[in-house]
Amino acid sequence: MRFEFIADQHVKVKTFLKQHGISKGLLAKIKFKGGDIRVNGVQQNAIYLLDVGDCVTIDIPSETDETGSLQAVEHPLDIVYEDEHFLVINKPYGYASIPSVLHSSTMANFVKGYYLRQEYENKQVHIVTRLDKDTSGLMLFAKHGYAHARMDKQLQAKTIQKRYFALVHGRGELAPTGDIIAPIGRPEDSIITRCVTKTGKYAHTSYEVVQSWGDIYLVDIHLHTGRTHQIRVHFSHIGFPLLGDDLYGGSLAFGIERQALHCHQLSFCNPFTEENLLLTSPLPVDFQAVINNLSN
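The following refers to the structure shown. Sequence order sets the numbering: in each chain, residues are counted from 1 along the sequence as written. Thresholds applied to this predicted model are a pLDDT of at least 70 for local features of residues and 80 or more for the giving and counting of side-chain atom pairs; totals over whole chains, interfaces and linings are not thresholded and use all residues. Processing note: side-chain calculations cover all non-hydrogen atoms of the structure and skip hydrogens and water entirely.

## A word on the packing of aromatic side chains
Given two aromatic rings, one states the distance between the centres and the angle between the planes to describe the pair. Only the six-membered ring of Trp is used, alongside the rings of Phe and Tyr, when aromatic pairs are assigned; centres must lie within 6.5 Å, and planes under 30 degrees apart are stacked while those over 60 apart are edge-to-face, with the rest tilted. The final tally for this structure, using the stated rule, is twelve aromatic pairs. Each ring, one from F86 and one from F268, has its centre 5.7 Å from the other, and the planes form 65°; the classification is edge-to-face. Note that F86 is positioned in strand β6 (residues 86–91) and F268 in strand β15 (residues 261–270), a separation of 182 residues in sequence. For the pair F86 and F268, a shared accessibility class is recorded, and that class is buried. Where F86 meets F272, the ring centres are 6.1 Å apart and the plane angle is 35°; that geometry is what we call tilted. Of this pair, F86 sits in strand β6 while F272 sits in the loop between β15 and β16 (275–280); the two residues are 186 residues apart in sequence, bridging distant segments of the chain. Think of it in three bands: with a 1.4 Å probe and only protein chains considered, a residue is buried below 20% of the maximum accessible area for its type, exposed above 50%, and partly exposed in between. The class of F272 is partly exposed, set by a relative accessible area of 22%. Members of the aromatic cluster, each reached through a chain of ring pairs, are F3, F86, Y146, F268 and F272. The ring of Y120 carries K143 above its face, with NZ or CZ at 4.3 Å from the centroid. Counting from the N terminus, the helices are DSSP H or I runs at least four residues long and the strands are E runs at least two residues long. Two conditions define a charge sitting above a ring: the NZ of Lys or the CZ of Arg must be within 6 Å of the ring centre, and it must be within 35 degrees of the ring normal.

Here it is, written out as structure tokens:
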């Protein structure tokens, strides 16, 4: 893929490109795997000294399927947004984000199959935002390594925003809005679960009640941090675990067979077009079925 930049400083090419998210690793790939760097149309190396106004062009080599380490699996995708740099999928529950010993048909496998069907030049799968196996909703993929690097910067700056819907159930009344600030860590007796613990990492969750039916609430959640199982742990900690989430004390009595958690909104700035994107996903069928039953 080709990208062009106009130099605004009197610096070396590598210094200038670093400011645009080109890492040392990507520079090495450009140098040794068939890429190219040109300044005003003339091939140059990474230590060439730029003048203000110079046009820097880079050609990044294609990401081929050399190792075949990720198996392509044919599976339909619910595509919410796609351009040459990014892909956003509405993920169903029941599928892990990436392969493991326990999971081989994952969202990464499905996206790999889609790339091959579309005959895309870049065939490596880059997941920017993951979701737990039984969480549904919006997942962001970068379609090449440079796009992934640019989004990693946004993740570090916390400018990629995700909002979740959850159905929670507890005794007493849940405040209309709130902030749950409690450190999350791993208990000594489990490698799977997480808990609130003084030795854990800082974790901050904000929420707003959207609708309620007695002691069951539909809440809209914003994460300020991204700890493992953060929403599930935090709402269990305050006495309102998610419906269907028996791992953290959630009730199985309301007809939903997984943790009632859905990523319904994703917003980020496309670094290549500078467009601010706001993408949404409707409530999934099993959520809506519970709400319909509660409302009748």
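So, next bit.
## Some remarks on empty space enclosed by the protein
Space inside and on the surface of the protein is sampled on a 1 Å grid over the protein atoms alone, with a cavity defined as a set of points where a 1.4 Å probe fits but cannot get out and a pocket as an open set with protein on both sides within 12 Å along at least 5 of 7 lines; lining residues have an atom within 4 Å of a point. Grid points are joined across faces, edges and corners, and a volume is the space filled by probe spheres set on the points. One pass over the full model with this rule turns up one cavity of 30 Å³ or more. Estimates place the volume of the largest cavity at around 40 Å³. Lining of the largest cavity is provided by M1, F3, I60, P61, E63, N122, H144 and Y146. For the lining of the largest cavity, the residue count by class is five nonpolar, two polar and one charged. Each residue gets one of three labels, nonpolar for Ala, Val, Leu, Ile, Met, Phe, Trp, Tyr, Cys and Pro, charged for Asp, Glu, Lys and Arg, and polar for the others, Gly among them.

## Brief notes about the pairing of β16
One requirement defines pairing of two strands: DSSP has to find at least two bridges between them. Sheet topology places β15 next to β16; six bridges connect them, and they run antiparallel. Residue pairing for β16: S267 is matched across the bridge by L278. The antiparallel hairpin formed by β15 and β16 contains four residues in its connecting segment, where E274 sits at a positive phi of about 60°.

## Points about the layout of surface pockets
Considered as a void within the structure, the largest pocket measures approximately 1,400 Å³ in volume. R130, L131, D132, T228 and H229 are the residues nearest the centre of the largest pocket, which is lined by 45 residues in total. At the level of elements, α4 (145–157), β9 (161–169), β14 (216–223) and α5 (230–237) are the ones that each hand at least two residues to the lining of the largest pocket. Of the residues contributing to the lining of the largest pocket, the split by class is 16 nonpolar, 16 polar and 13 charged.

## Focus: the sheet that holds strand β1 (residues 2–6)
Strands belonging to one sheet form pairs held by backbone hydrogen bonds; the direction of such a pair is parallel or antiparallel. Overall, antiparallel pairing links the four strands, which are arranged β1-β4-β2-β3 in an open sheet. Every other strand in the sheet has two partners, leaving β1 and β3 (42–43) as the edge strands with one partner each. Across five bridges, β1 lies against strand β4 (residues 55–59) in antiparallel orientation. Across the sheet, the residue bridging to I6 is C55, located in β4.

## Brief notes about a nonpolar patch on the surface
In this analysis, a patch consists of residues with relative accessible area above 30% that form no salt bridge, clustered at 9 Å for like charges and at 5 Å for the nonpolar side chains Val, Leu, Ile, Met, Phe, Trp and Tyr. Only the protein chains shown count as covering a residue, and every accessible area follows the Shrake-Rupley method with a 1.4 Å probe. What counts as a salt bridge is simple: a side-chain nitrogen of Lys or Arg found within 4 Å of a carboxyl oxygen of Asp or Glu. Taken together, I191, I192 and L247 make up a surface patch of nonpolar side chains, about 330 Å² in accessible area. Within the secondary structure, L247 is located in the loop between α5 and β15. A relative accessible area of 41% means that L247 is categorised as partly exposed.

## Some thoughts on helix α6 (residues 285–295)
Turning to α6, its buried residues are D286, F287, V290 and I291. An end-on view of α6 places all buried positions within 140° of arc, on one side of the element. Facing away from the buried side of α6, by more than 90 degrees, are the exposed residues V285 and N293. Those residues of α6 hidden inside the fold are in contact with β9, β13 (204–213), β14 and β15. Here the arc refers to the set of directions running from the helix axis out to each C-beta atom. When checking whether two residues touch, look at their non-hydrogen atoms; a contact exists if any pair is within 4.5 Å.

## Here we look at the pattern of salt bridges
Inspection of every chain in the model, using the stated rule, returns ten salt bridges. The salt bridge partner of E63 is K29, with a shortest N-O separation of 3.6 Å. Note that E63 is positioned in the loop between β4 and β5 (79–82) and K29 in helix α2 (residues 24–32), a separation of 34 residues in sequence. Like K29, E63 is buried. As a salt-bridge pair, D134 and K133 come within 3.5 Å of each other at their nearest N and O atoms. With relative accessibility at 34%, the residue K133 sits in the partly exposed group. A single network of salt bridges, built from pairs that share partners, joins D132, R232 and D245.

In short, geometric facts, not functional conclusions.
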